[in-house]
Amino acid sequence: HTKQMIKRNKEFYDKLSETDFELLTIEKLNPAAYSKFKTYLQELNVYYNTIFNESSKQKENYIFALSRLNGGVNVNNLKDEYFNESLSDLVRNATAKKRIIETDGYLAPKTDYVFFRPIELKSNFDYRAHFFAPEKHFVGNYYDTFKFNIIVIWLAAMFLYFTLYLDLLRRFLNIFGKITNRNT
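Residues numbered from 1 in each chain as written. Predicted model: local features only at pLDDT ≥ 70, side-chain atom pairs only at ≥ 80, totals over all residues. Heavy atoms only, no water.

Some points on the pattern of salt bridges
Opposite charge on two side chains makes pairing possible when the charged atoms of those side chains draw close. In this structure the tally under the stated criterion is five salt bridges. Asp126 is paired through a salt bridge with Arg128; the nearest N and O atoms lie 2.7 Å apart. Judged by relative accessible area, which is 18%, Asp126 ranks as buried. According to the relative accessible area criterion, Arg128 is exposed, its value standing at 58%. The network of salt bridges with common partners includes Asp89, Arg92 and Asp112. (Salt bridge = Lys/Arg side-chain N within 4 Å of Asp/Glu carboxyl O. Buried < 20%, exposed > 50% of the residue type's maximum accessible area, 1.4 Å probe, protein only.)

Written out as structure tokens, the structure reads:
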């Protein structure tokens, strides 16, 4: 099945490369070039609709098989009970008016960032990532965001605990108090 899809993708790519895109400029546009390109886009639409329908059918078969394996549990009922569509829209930024923007000479999606890995930053100790990133990049490796954030929270809590336990804040402030007393 995958080999057939690759072959069909190649066929459509070859048709695309045959199309003379220079004729699609405003100065050179003619009815024949427009008709050829319109036909190509219609064929492409049918092709991708077919792929979508096949994929939907495979997904439905998978869900049916999954429900039979789990003793007849209805997966759709589980989804109705545990899936929050508003939360999904928030996380995926599905309500964005502009779904794709041009930045630095390339097209960047504005939706579904939850599925993308963060960009590796120049500093190894920089763990910043986009909002709802599934992973964080730190010291050359990727770590699950939830686990990484829990570790950072625990390290911060331990640091604050020892700061309070050893009374470091009072000592630190006393140093500044002594400095200001000497200056007066």
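Now that the structure has been shown, the text picks up again.
Describing helix α2 (residues 31–69)
Given 3.6 residues to a turn, an α-helix orients residues that are three or four positions apart in the same direction. For α2, with 39 residues, the first-to-last C-alpha span of 57 Å sits near the 57 Å given by 1.5 Å per residue. Residues Ala33, Tyr40, Leu44, Tyr47, Ile51, Ile63 and Ser67 constitute the buried set of α2. After α2 finishes, the residue Gly71 shows a positive phi value of roughly 70 degrees. (Helix = DSSP H or I, 4+ residues; strand = E, 2+ residues; numbered from the N terminus. Expected span 1.5 Å × (residues − 1).)

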